[in-house]
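A look at the structure
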Amino acid sequence: MEIALLFIALFGLIVLGVPIAIALAGSSALYVLVSGSVPSIVVSHRMINGVDSFPLLAVPFFILAGNLMNTAGITERIFNFALSVVGWMRGGLGHVNVGASVIFAGMSGAAVADAGGLGAIEIKAMKDAKYDPEFAVGITAASSTIGPIIPPSLPMVIYGVVASASIGQLFAAGFIPGLVMAASLMAMVAIMARRRGYPRDQAFSFSMLYSSFGRAFLSLMTPVIIVGGILSGAFTPTEAAVAACAWALFLGLIIYRTLNLRRFIRVSFDTIETTAVVLLVVGAASIFAWILTSNRVPETVAGILLTLSDRPWVILLLINLILLVVGCFMETVAAITIMVPVLLPVATAIGVDPVHFGVIMVLNLMLGLLTPPVGMVLYVLARIAKIPFERAFVGTAPFLVPLVLVLLLITYVPAITLWLPTLIYR
């Protein structure tokens, strides 16, 4: 009865528009008061324990690194380099959009940072080139989901903390799936560009390629420092986040001189605000997840799913459907913190590697950023493009097809995800 009250209170608060962190903490506090089985001080203890984790220190530093790169003009250099590489293809700016997201994914690790930073540049360029606004928003939104898959990745850090999985292995596991996502989106862009008669945006030029590469070279070293440092063992993911911040500051203050004290203070306050929200969600979700675990809800859910079928592929399909629905209604960090204790035991029971499952979960939840009613990326890009949210979703819908196909491919072909971590770590 108390567990039912917990879920009713949570979804009731979400429907009323209460912020997800308050909804999670409030429903958990109500459960504690009604059940009377645990002292109310447990709520604050669980919140503190939820954020008392060394790997979580990577979160504010990766957020700061992404904000610094957007402010220091690094994203514009990346965009121009991508334009010189693939702008000659039909529907060139659509391909540039994907290519720039792949490069930026190796720096920020957050879909909203990708959408907010590159999105403003990409959508303006595409609208100026007479692309449909819906197409511009759709490919920008879809390509932004690559950010949390290719390392570094904030959702992977959260998953690694909750699941007690190696964050280094999770980062390695996301690299190939991220490239597969990029290839599928570029294929869809090529199909749509041919059907709609989109032009080649510029002729290929070695001189332009050389020039843009020279301007972007130091920026392109950012993912090399981050990913190379982690995979080589030079530093941990948390230390890599600090290194990314130091490199972005070096570029913005000394090399490009596009960052001044006022901008740095503004970026710092934005980072503090975003980090506070993320960690509040983590802390609140930790209480909720602890209540579910202490009431053996994960075992109950596992038992139900395993009784529905004894075939692993069916169980994986059901898990994907659950995560897709959850991603439509719940913020990514909260969804990971709550759903990992529930679904990971089911996945491991049918022989799924926790690292493989982490990539499956994060990709599912990234698709939730592209769908209403939450659809955070769509809200950001609709505001940038100055079009209604409904039109933004219509433009994004075709790109959900290749992303769902990639999700199924990654789910049922574990080698795509596990080959690189096995090669490096195992």
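Residues numbered from 1 in each chain as written. Predicted model: local features only at pLDDT ≥ 70, side-chain atom pairs only at ≥ 80, totals over all residues. Heavy atoms only, no water.

The end-to-end C-alpha separation of helix 17 (residues 354-368) is 21 Å, in line with the 21 Å expected for 15 residues at 1.5 Å each. Within helix 17, 14 of the 15 residues are buried, which leaves it mostly tucked inside the rest of the structure. You can read the cap of helix 17 off the contacts: a side-chain oxygen lies 2.8 Å from the backbone nitrogen of V355, and it is on D353. (Helix = DSSP H or I, 4+ residues; strand = E, 2+ residues; numbered from the N terminus. Expected span 1.5 Å × (residues − 1). Buried < 20%, exposed > 50% of the residue type's maximum accessible area, 1.4 Å probe, protein only. Polar contact = N/O pair within 3.5 Å; in protein donor to acceptor, adjacent residues only side chain to side chain.)

Another aspect to go through is the side chain of S28. With respect to the helices, strands and loops of the structure, S28 is situated in helix 2 (residues 20-35). The buried category is assigned to S28, whose relative accessible area is 0%. Those residues in contact with S28, other than ones at most four positions away along the chain, are L6, I287, F288 and I291. (Contact = heavy atoms within 4.5 Å.)

Another point: the pattern of salt bridges. Throughout the structure, instances matching the rule amount to 2 salt bridges. Between E134 and R391 there is a salt bridge, and its shortest N-O distance comes to 2.6 Å. Pair noted here: E134 is in helix 8 (residues 133-144) and R391 is in helix 19 (residues 389-412), with a separation of 257 residues, a long-range link. (Salt bridge = Lys/Arg side-chain N within 4 Å of Asp/Glu carboxyl O.)

On the surface, a cluster of nonpolar side chains totalling about 820 Å² of accessible area is made up of W313, L317, L321, V401, V404, L405, L408, L409, Y412 and V413. The greatest single-element share of the nonpolar patch, amounting to 6 residues, is contributed by helix 19. Of note, V404 is situated in helix 19. The partly exposed category is assigned to V404, whose relative accessible area is 33%. (Patch = residues over 30% accessible without salt bridge, like charges linked within 9 Å, V, L, I, M, F, W, Y side chains within 5 Å. Areas by Shrake-Rupley, 256 points an atom, 1.4 Å probe, with all protein chains shown as cover.)

We now examine unusual backbone geometry. Not every positive phi belongs to a glycine, and S164 is a case in point at roughly 55°. Note that S164 resides in the loop between helix 9 (154-163) and helix 10 (167-196). In the Ramachandran plot, R257 falls in the positive-phi region, its phi being about 55° despite a non-glycine side chain.

Moving on, we come to the packing of aromatic side chains. With the rule as written, the count across this model stands at 7 aromatic pairs. Ring centres of F213 and F217 lie 5.6 Å apart, and the angle between their planes is 65°; this geometry places the pair in the edge-to-face category. Placement of the pair is F213 and F217 together in helix 11 (residues 206-232), with a separation of 4 residues, close to one helical turn. What makes F213 partly exposed here is its relative accessible area of 37%. Note on F217: relative accessible area 38%, which makes it partly exposed. Connected via pairs of aromatic rings, a cluster forms that spans F7, F11 and F288. (Phe/Tyr/Trp six-rings, centres within 6.5 Å; stacked < 30°, edge-to-face > 60°.)

Moving on to the packing of helix 17 against helix 19. Two packed helices can be described by the angle between their axes and the distance between those axes. Across the interface, helix 17 lies against helix 19 with an axial gap of 10 Å and an inter-helix angle of 165°. Overall, the two elements helix 17 and helix 19 adopt an arrangement that is roughly antiparallel. Read as a crossing pair, helix 17 and helix 19 show a hand that is left-handed. Across from H356, V359, I360, L363, N364 and L367 in helix 17, the residues of helix 19 making contact are L400, L403, V404, V406, L407, I410 and T411. Of the residues belonging to the contact of helix 17 with helix 19, the class tally is 10 nonpolar, 3 polar and no charged. (Axes fitted to C-alpha atoms, helices over the stretch in contact; angles between N-to-C directions. Parallel < 35°, antiparallel > 145°, perpendicular 65-115°, else oblique. Left-handed = near helix turned anticlockwise from the far one by under 90°. Nonpolar A, V, L, I, M, F, W, Y, C, P; charged D, E, K, R; others polar.)

A few words now on the environment of P312. On the secondary structure map, P312 appears in helix 15 (residues 312-329). Owing to a relative accessible area of 40%, P312 belongs among the partly exposed residues under this scheme. Sequence separation between P312 and G12 is 300 residues, and the spatial gap between their C-alpha atoms is 34 Å.

Before going further, it helps to examine the side chain of N97. Residue placement: N97 occurs in helix 6 (residues 92-105). In this structure the side chain of N97 is engaged in a polar contact, spanning 2.8 Å, whose partner is the side chain of T140. Leaving out residues up to four positions away in the same chain, N97 has contacts with E122, M126, A136, I139, T140 and S143.

For the rest of this paragraph, the subject is helix 10. If you check helix 10, its first and last C-alpha atoms are 42 Å apart, about what 30 residues at 1.5 Å a residue would give, namely 44 Å. Along its length, helix 10 reaches its greatest deviation from straightness, about 30°, at F175, and the proline P177 lies no more than four positions downstream. Where helix 10 terminates, the next one or two residues include G197, which has phi positive at roughly 75°. (Bend = angle between axes of the 7 residues up to and from the residue.)

Nothing here speaks to function; it is all geometry.
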